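Chain by chain, the residues run as shown.
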Amino acid sequence: DTEIKKCRVPPMFFSTNRKIETCSAPGNRVETRGTNGLPSQKSEIMRVTVLGAGDAFSSGGRRQSGYLIEAPGQGVLLDCGTTTLLGLKTLGIPAERIDMIAISHLHGDHFGGLSFLFLEYTYENPRTKPLLIIGPPGIEERVRALHSAMYRELAARGTPFPLVFRECTPGQ
């Protein structure tokens, strides 16, 4: 079973054979260790960085939804609220560590920051590798519409890196 100590990150982020040793608050990292309590071999470490866990109004000064889940060789961003890029930069985490983005649902505080990442990948830290975005039905249409509404000329040119969209329905 997954054991969580003083942690606000839901256990669904972790496989059942792992034990969480450290707590998470925005900006803190969660590291997993083997169930025997000993540090896992480096190749087995998974980290979760809470970039934001606030609501749409940034109540209490908290950033909007964004969780960076890192395992050896892969970085997955779960949700990308409008303050996600700010969270990455504040914590000194390079945006290029993101390989895939999973969007839980299509409210602005969960996907509204994608255009800012596209700008980062276009101008500040140019990206060439594909960016996979997984989300509910309609994800591609909504992301492209949002990007076009925010940066019409840039969206019309397209991104200098491939965008790959995959739709998922509940239960998949």
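Keep in mind that this is a model prediction, so the values were computed, not measured.

Asker: What should I look at first to understand the confidence of the model for the protein chain in this one?
Answerer: Detailed conclusions should not be drawn from predicted coordinates in areas where pLDDT is low. Chain-level statistics for the protein chain give a pLDDT mean of 81 and a share of 74% at 70 or above. In the predicted structure, residues 1–26 sits below a pLDDT of 50 and forms 68 contacts with residues beyond four places in sequence or in another chain. Taken together, the stretch residues 32–40 has pLDDT below 50 and engages in 22 contacts with residues farther than four places along the chain or on a different chain.

Asker: Can you walk me through the pairing of strand 3 (residues 47–52) in this structure?
Answerer: Each regular strand shows side chains that alternate between the opposite faces of the sheet. Taken across its six residues, strand 3 has five buried, putting it largely inside the fold. The pairing of strand 3 with strand 4 (residues 66–71) spans five bridges and is classified as antiparallel. Counted as the bridge partner of Val-48 is Ile-69 from strand 4.

Asker: Whenever I open this one, the environment of Ile-103 confuses me. Can you help?
Answerer: One can find Ile-103 in the loop between strand 6 (100–102) and helix 2 (108–111). Ile-103 sits 26 residues away from Leu-77 along the chain, and the two C-alpha atoms are 8.4 Å apart.

Asker: Any chance you could explain the packing of helix 3 (residues 114–124) against helix 4 (residues 139–150) here in plain terms?
Answerer: For any two helices packed against each other, one specifies the inter-axial angle together with the distance between the axes. Contact pair helix 3 / helix 4: the axes reach a minimum separation of 9 Å and the direction vectors enclose 70°. Relative to helix 4, helix 3 is oriented roughly perpendicular. In this structure, helix 3 crosses over helix 4, and the sense of that crossing is right-handed. Along the contact surface, helix 3 presents Leu-114, Ser-115, Phe-116 and Phe-118, while helix 4 presents Val-143, Leu-146, His-147 and Met-150. Of the residues belonging to the contact of helix 3 with helix 4, the class tally is six nonpolar, two polar and no charged.

The rules behind these values
- Residues numbered from 1 in each chain as written.
- Predicted model: local features only at pLDDT ≥ 70, side-chain atom pairs only at ≥ 80, totals over all residues.
- Heavy atoms only, no water.
- pLDDT = per-residue confidence, 0-100.
- Contact = heavy atoms within 4.5 Å.
- Buried < 20%, exposed > 50% of the residue type's maximum accessible area, 1.4 Å probe, protein only.
- Helix = DSSP H or I, 4+ residues; strand = E, 2+ residues; numbered from the N terminus.
- Pairing = 2+ DSSP bridges.
- Axes fitted to C-alpha atoms, helices over the stretch in contact; angles between N-to-C directions.
- Parallel < 35°, antiparallel > 145°, perpendicular 65-115°, else oblique.
- Left-handed = near helix turned anticlockwise from the far one by under 90°.
- Nonpolar A, V, L, I, M, F, W, Y, C, P; charged D, E, K, R; others polar.

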